[in-house]
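In case you want the letters, here they are:
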Amino acid sequence: MKPFPGELPPKGSGGPFGAGAPPPMPVPGLDFPVTTALPQYVDLAYAKISPAQKLDLYLPTGNGPFPLVMMVHGGAFLFGDKADQPSLAGTDFLLEHGFAVANVNYRLSGEARAPAQIQDVKTAVRWLRAHAKEYRLDPDKFAAWGASAGANLVALLGTAIDIPALEGAGLGNPHQSSRVQAVVDWFGPTDFLQMDRQLIELGFPPSHDDPDSPESLLIDAPIQTRPDLVKVVNPLTYVTLEAAPFLIEHGTNDSIVPYLQSKILFDALVAAAGTERVTFVPLEGASHGGGPQFWSPGNVALVLGFLDQYLRSTA
Amino acid sequence: MDRDLTPPPHYGIAEQPPAADTSFVKRRFLDIAYADLSPSQKLDIYLPDEGSGPFPVIVAIHGGAFMGCDKADLQVLPMLAGLRRGYAVVSINYRLSWQAKFPALVQDAKAAVRWIRANAGRYFLEAKKVAAWGGSAGGYLATMLGLSSGVDKLEDLRLGNPHQSCDLQAVVSWYGPTNFLNMDALLAESGLLPPEGFRHSEANSPESLLLGAQITTIPERVRAANPETYLRPTAPPFFLQHGRADAVVPFQHSLQLAEKLMQSIGKESLQLELLEGAAHADPRFETPENVNKVLDFLDRFLK
């Protein structure tokens, strides 16, 4: 654990776009908001077996304890980093709204096959709970937000409650809970085995059954040959009444992860726990990657309102 | 079409049709490789706009004198009318005569049908309901597929999916040749003998180029390429249409094939229509009325 070197600059004046620059949003060519906030803590190691097991922590102004939103980056389980701009999108909104933000890295599929990724993310949650006091976090108010591959991982956080195979308890802090109180799932894959069929049904070219697809690389086998391994990382496997509240959003024009992946998760959550705590927003015409429809003021307000509902309540 | 797939010039393909605009089809999957020996071993899948099938399949096979044209050119449009009737359409390319000699094209078409069956579940296709429909060289291939079930030499299982069947449930052949050696003679009977330089018996004819030698010098190889050779007591239902004024492929080919098929499959499963005054690839074949007639025939056996 090391604090960010040097003085923390005032908000909006630093970041990768240079000191003194005005908040660079919107940036031509980018269809997500650029993040200007800098982390207070960089590369906090939440486990020790891989250099990937690190997180950055961003705190809002105030004294806390702060409700926390853990962000889990996408990148097909193959790439991506907690400090990339796409991984950070939304951080400024969350901080302004008074949430702390933890952005986590996890072992990618080139380093370790599933379920290492969800074990890492769950270990990060447990680590944050164990260190809540030190970082002024409210350990009872944790949410997780992920896009694409990151959404698969946060959906597992919200559904796979007390599943020893996914906990990775040996990675650290085994006595802490890895539960989260809310999940924002943006266009995440759920049942890999249905992805190509759903793409074809929607008229998009299939690719996930290929032996070198991201999902096949994740389980280290062509997915259709190992339904047992696919099942382990499918959030639908674990849906019960105990699932966390979910906000699921997905573009209907997503040609990479078909929106039907979210639809089947939504249906399973409703069947198990009713409609009260799960919301599904199909974004008409939006494609993969969190474009402008995801970042419209109305949709940002929807996400923040959902998080408020489950991270601010005193119940 | 790929630039490296441009055929050498030949009178048989002096006018190649342009690409069809198929953007009206909401669900289409283009240029899927059904084998990997040649860039020509590709197919396009078109699905009805709604539903998850399984859809009975029309395999669309383009013509082009065995040496030209493409699965996505205008020839596919009549078959695509089947989408509104709940058919999936799979349009295939195959190796052309300047790329590989007979029986490569038949082996390709059979490999494509096996691929369709192997991938039926994935693409909402009904593996047990597969028909082929083509004109000219495409009619030849559809007929060969229909008649040559189980002929080892015409099937190259190394092209993929060896455990699948390439049998068809129906065949629609428009003006397809069935016997390469008597084409000139039959055309002459009708007063339609092509001028010298354009006759089927010559060394530069599409049929000679397909077989690798002037057809009059290789009767055994021609026999192996004639659909008639493979007539047996069983065959799938056939619909044969041919223009009486066809000056490229003599109408007698469809007539004679129908007479022989009558003995095996009977009139319930056989439909023959000779269109008075219609030429080779006449627009009359592609009118909505005629296309609906073909689809009515397919409905009888695929639904």
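Look above for the structure.
Residues numbered from 1 in each chain as written. Chains lettered and ligands numbered in written order. Predicted model: local features only at pLDDT ≥ 70, side-chain atom pairs only at ≥ 80, totals over all residues. Heavy atoms only, no water.

Trainee: What's the story with the overall build of chain A in this structure? I'm lost.
Mentor: Looking only at helices and strands, chain A features ten helices and nine strands. When the 315 residues of chain A are sorted by exposure, 56% land in the buried category. For chain A, contacts bridging at least 24 residues in sequence account for 75% of all contacts bridging at least 6. As displayed, chain A offers around 12,600 Å² of accessible surface, 58% of which is attributable to carbon and sulfur atoms. (Helix = DSSP H or I, 4+ residues; strand = E, 2+ residues; numbered from the N terminus. Buried < 20%, exposed > 50% of the residue type's maximum accessible area, 1.4 Å probe, protein only. Contact = heavy atoms within 4.5 Å. Areas by Shrake-Rupley, 256 points an atom, 1.4 Å probe, with all protein chains shown as cover.)

Trainee: Explain the nonpolar core to me, please; I cannot follow it from the model alone.
Mentor: What tends to happen in soluble globular proteins is that the nonpolar side chains get buried as a cluster. Counting 63 residues, the largest nonpolar core has Phe102(B), Tyr140(B) and Phe180(B) as its most contacted members. Residue contacts for Phe180(B): discarding those within four places in its chain leaves Phe66(B), Tyr140(B), Glu207(B), Leu210(B), Leu211(B), Ile215(B), Val222(B), Ala225(B) and Asn226(B). Counting residues in each nonpolar core, the second largest holds 60 residues, with Leu44(A), Val104(A), Ile118(A) and Ala144(A) among its members. (Core = buried A, V, L, I, M, F, W, Y, C linked by side-chain atoms within 4.5 Å.)

Trainee: Teacher, can you tell me more about the sheet that holds strand S3 (residues 55-61) of chain B here?
Mentor: Pairing between the strands of a sheet is mediated by backbone hydrogen bonds and can be parallel or antiparallel. Residue and element names in this part refer to chain B. Across the sheet, which stays open at both edges, the eight strands sit in the order S1-S2-S4-S3-S5-S6-S7-S8 with mixed pairing between neighbours. What marks the edges here is a single partner per strand, and that holds for strand S1 (27-33) and strand S8 (270-275). Neighbour to neighbour, the strand axes of the sheet diverge by 15° on average, direction disregarded. Strand direction decides the pairing type here: strand S2 (residues 42-47) and strand S4 (residues 88-92), joined by four bridges, are antiparallel. When the bridges of S4 are listed, Asp 44 appears paired with Ser 91. Each of S3, strand S5 (125-135), strand S6 (170-174) and strand S7 (238-243) is contacted by helix H3 (residues 137-147), which is oriented at about 140° to S5, the strand it contacts most. (Pairing = 2+ DSSP bridges. Axes fitted to C-alpha atoms, helices over the stretch in contact; angles between N-to-C directions.)

Trainee: Sorry if this is basic, but what is going on with the packing of aromatic side chains here?
Mentor: Each aromatic ring pair is described using two quantities: the centre-to-centre distance and the angle formed by the ring planes. Per the counting criterion, the structure on display carries 23 aromatic pairs over all chains. For the ring pair Trp127(A) and Tyr135(A), a centre distance of 5.8 Å and an interplane angle of 35° mean the geometry is tilted. Residues Phe297(B) and Phe301(B) carry aromatic rings whose centres are separated by 5.1 Å and whose planes lie at 55° to one another, so their mutual orientation is tilted. Taken as a pair, Phe297(B) and Phe301(B) lie in helix H8 (residues 288-302) at a separation of four residues, close to a single helical turn. By relative accessible area, Phe297(B) is classed as buried at 1%. Three or more aromatic residues joined by ring pairs form one cluster here, namely Phe93(A), Trp145(A), Trp186(A), Phe187(A), Phe294(A) and Trp295(A). Between Arg129(A) and the ring centre of Phe142(A), over which it is positioned, the NZ or CZ distance is 4.5 Å. (Phe/Tyr/Trp six-rings, centres within 6.5 Å; stacked < 30°, edge-to-face > 60°. Lys NZ or Arg CZ within 6 Å of the ring centre and 35° of its normal.)

Trainee: Whenever I open this one, the interface of chain B and chain A confuses me. Can you help?
Mentor: The figure often quoted for interface size is the accessible area lost as the parts come together. Contacts between the two partners involve ten residues from chain B and, on the opposite side, eleven residues from chain A. Inspection of the region where chain B meets chain A yields two salt bridges. With its nearest N and O atoms 3.2 Å apart, the salt bridge here joins Asp196(A) to Arg122(B). Our enumeration of links across chain B and chain A arrives at four residue pairs in polar contact (both at pLDDT 80 or more). Among the elements that line the side of chain B that touches chain A, the one with the most residues is S1(B), at three residues. Partitioning the side of chain B that touches chain A into residue classes produces four nonpolar, two polar and four charged. (Salt bridge = Lys/Arg side-chain N within 4 Å of Asp/Glu carboxyl O. Polar contact = N/O pair within 3.5 Å; in protein donor to acceptor, adjacent residues only side chain to side chain. Nonpolar A, V, L, I, M, F, W, Y, C, P; charged D, E, K, R; others polar.)

Trainee: Would you take a moment to explain the packing of helix H2 (residues 104-118) of chain B against H3(B) for this structure?
Mentor: Between two packed helices, the angle of one axis relative to the other and the distance separating the axes together describe the packing. All names here are of chain B. Between H2 and H3, the shortest axis-to-axis distance is 10 Å and the interhelical angle comes to 65°. With respect to H3, the axis of H2 lies roughly perpendicular. Viewed along their axes, H2 and H3 form a crossing whose handedness is right-handed. Mapping the contact onto sequence places Leu 105, Val 106, Ala 109, Lys 110 and Val 113 in H2 and Tyr 140, Leu 141, Met 144 and Leu 145 in H3. Of the residues assigned to the contact of H2 with H3, the class counts are eight nonpolar, no polar and one charged. (Parallel < 35°, antiparallel > 145°, perpendicular 65-115°, else oblique. Left-handed = near helix turned anticlockwise from the far one by under 90°.)

Trainee: Help me understand unusual backbone geometry in this model?
Mentor: Peptide bonds are, in most cases, trans, and in most cases residues other than glycine have a negative phi. Residue and element names in this part refer to chain A. For the peptide bond that leads from Gly 64 to Pro 65, omega is 0°, which places it in the cis range. Among the secondary structure elements, Pro 65 is positioned in the loop between strand S3 (54-58) and strand S4 (66-72). Between Ala 114 and Pro 115 the backbone carries a cis peptide bond, its omega angle lying at 10°. By secondary structure assignment, the location of Pro 115 is in the loop between strand S5 (100-104) and helix H3 (116-130). Positive phi is not limited to glycine here, since Asn 173 has a value of about 50°. Since its relative accessible area comes to 26%, Asn 173 is described here as partly exposed.

Trainee: How should I be thinking about the environment of Ala112(B) in this particular structure?
Mentor: Residue and element names in this part refer to chain B. Along the polypeptide, Ala 112 turns up in helix H2. We classify Ala 112 as buried; its relative accessible area is 0%. Measuring from C-alpha to C-alpha, the distance between Ala 112 and Ala 281 comes to 24 Å, with 169 residues separating the pair along the chain. For Ala 112, the contacting residues outside a window of four places in its chain are Tyr 34, Leu 43 and Ile 92.

Nothing here speaks to function; it is geometry throughout.
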